[in-house]
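For reference, the chains in residue letters:
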Amino acid sequence: MTPPSDLDAKTPGSEPAAAAAAASGAAASPSADDAGPASFVVNIPGIADADLEPEPLDPSQIVSGEPEVTGKVLWESPDGRQLRGIWQITPGVVTDTEANELFVVVSGRATIEVEGGSVLEVGPGDACVLREGDRTRWTVHETLRKAYHISL
């Protein structure tokens, strides 16, 4: 197995077909400058085992148990309004007021009750969208780890 690089990305225009089209005078697809930032892939070795930093809960959020939260921001937009990272919580019951968030569960299981709305059962591989301002109650059955994108 080849060890992953820190960043293994292909950008538009680096493909042989794009170079050939440019050389022949054929119309090429929009450049990264025309279409916005390029899409890319980042491999983060051991993400399921990443060392996370403590993010203490406000004691008023804890309903039962002794849940502990850890996390790590992997990317933040220059204006601080977009965050991507890893977040984990150990078993227990907590309340929260949500941000606009999309997350995918890496491991663990939880029930998320949205006040006045749905009851969401989440586990490994589930993608979930939470709406900004929703008041939630998280019952964490097994330590839950998620990869998230938050818009503030």
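Residues numbered from 1 in each chain as written. Predicted model: local features only at pLDDT ≥ 70, side-chain atom pairs only at ≥ 80, totals over all residues. Heavy atoms only, no water.

Draft legend 1. Fine view of the overall build of the chain. Counting secondary structure elements, the chain contains 2 helices and 9 strands. Considering the chain as a whole, with its 152 residues, one finds that 28% of them fall into the buried category. In the chain, of all internal contacts separated by at least 6 residues, the share reaching a separation of at least 24 is 67%. Only carbon and sulfur atoms are counted for the fraction: they give 53% of the accessible area of the chain, which is about 9,800 Å². (Helix = DSSP H or I, 4+ residues; strand = E, 2+ residues; numbered from the N terminus. Buried < 20%, exposed > 50% of the residue type's maximum accessible area, 1.4 Å probe, protein only. Contact = heavy atoms within 4.5 Å. Areas by Shrake-Rupley, 256 points an atom, 1.4 Å probe, with all protein chains shown as cover.)

Draft legend 2. Examining the pattern of salt bridges more closely. This model, assessed by the stated rule, comprises 5 salt bridges. Of the charged contacts in the structure, one is a salt bridge between Arg109 and Glu142, with a shortest N-O distance of 3.3 Å. On the criterion of sequence distance, the pair formed by Arg109 in strand 6 (residues 100-114) and Glu142 in strand 9 (residues 135-151) is long-range, its members being 33 residues apart. With a relative accessible area of 40%, Glu142 lands in the partly exposed category. Note that Glu115 is salt-bridged to Arg135, the shortest N-O span being 3.7 Å. (Salt bridge = Lys/Arg side-chain N within 4 Å of Asp/Glu carboxyl O.)

Draft legend 3. Broad picture of the packing of aromatic side chains. Inspection of every chain in the model, using the stated rule, returns 2 aromatic pairs. Among the aromatic side chains, those forming a connected cluster through ring pairs are Trp87, Phe103 and Trp138. A cation over an aromatic ring shows up here: Lys146 above the ring of Trp87, its NZ or CZ 4.4 Å from the ring centre. The ring of Phe103 has Lys146 sitting right over it, with the charged end atom 4.3 Å from the ring centre. (Phe/Tyr/Trp six-rings, centres within 6.5 Å; stacked < 30°, edge-to-face > 60°. Lys NZ or Arg CZ within 6 Å of the ring centre and 35° of its normal.)

Draft legend 4. Geometry of the pairing of strand 3 (residues 69-76). Note: strand 1 (residues 53-54) against strand 3, 2 bridges, orientation antiparallel. Bridging from a neighbouring strand, Pro54 pairs with Thr70 of strand 3. Between strand 3 and strand 4 (residues 82-89), which pair antiparallel and follow one another directly, the connecting turn spans 5 residues, one of which, Gly80, has a positive phi of 75 degrees. (Pairing = 2+ DSSP bridges.)

Draft legend 5. Structural view of the nonpolar core. Trp87, Ile89, Phe103, Val122, Trp138 and Leu144 are the most contacted members of the largest nonpolar core, which totals 18 residues. Secondary-structure elements contributing two or more residues to this core are strand 4, strand 6, strand 8 (127-130) and strand 9. Beyond its immediate stretch of four places on either side in the chain, Trp87 contacts Glu55, Val69, Thr70, Gly71, Trp138, Leu144, Arg145, Lys146 and Tyr148. (Core = buried A, V, L, I, M, F, W, Y, C linked by side-chain atoms within 4.5 Å.)

Draft legend 6. Seen up close, the pairing of strand 9. Pairing of strand 4 with strand 9, which is carried by 8 bridges, proceeds in the antiparallel orientation. Across the sheet, Gly85 pairs through a bridge with Tyr148, a residue of strand 9. Bridge count between strand 6 and strand 9: 13 bridges; the pairing is antiparallel. Among the inter-strand pairings, Ser107 is bridged to a residue of strand 9, identified as Arg145.

Draft legend 7. Region of interest: the environment of Arg109. Given the relative accessible area of 37%, Arg109 is considered partly exposed. In the structure, Arg109 is positioned 18 residues away from Pro91 in sequence and 9.1 Å away in space, judged by C-alpha atoms. In contact with Arg109, not counting residues within four places along its chain, are Val122, Gly123, Val140, His141, Glu142, Thr143 and Leu144.

Draft legend 8. Region of the structure containing the side chain of Thr111. Tracing the sequence through the fold places Thr111 in strand 6. Residues within four places of Thr111 in sequence aside, it is in contact with Val119, Leu120, Glu121, Arg137, Trp138, Thr139 and His141.

Draft legend 9. Just the environment of Glu101, in detail. Relative to the helices and strands, Glu101 resides in strand 6. On the accessibility criterion, Glu101 (5% relative accessible area) is buried. For Glu101 and Ser151, which are 50 residues apart along the polypeptide, the C-alpha to C-alpha distance reads 6.4 Å. Discounting residues that sit within four places of it in the chain, Glu101 has contacts with Cys128, Val129, Leu130, Lys146, Tyr148, His149 and Ile150.

Any link to function would need more than the numbers given here.
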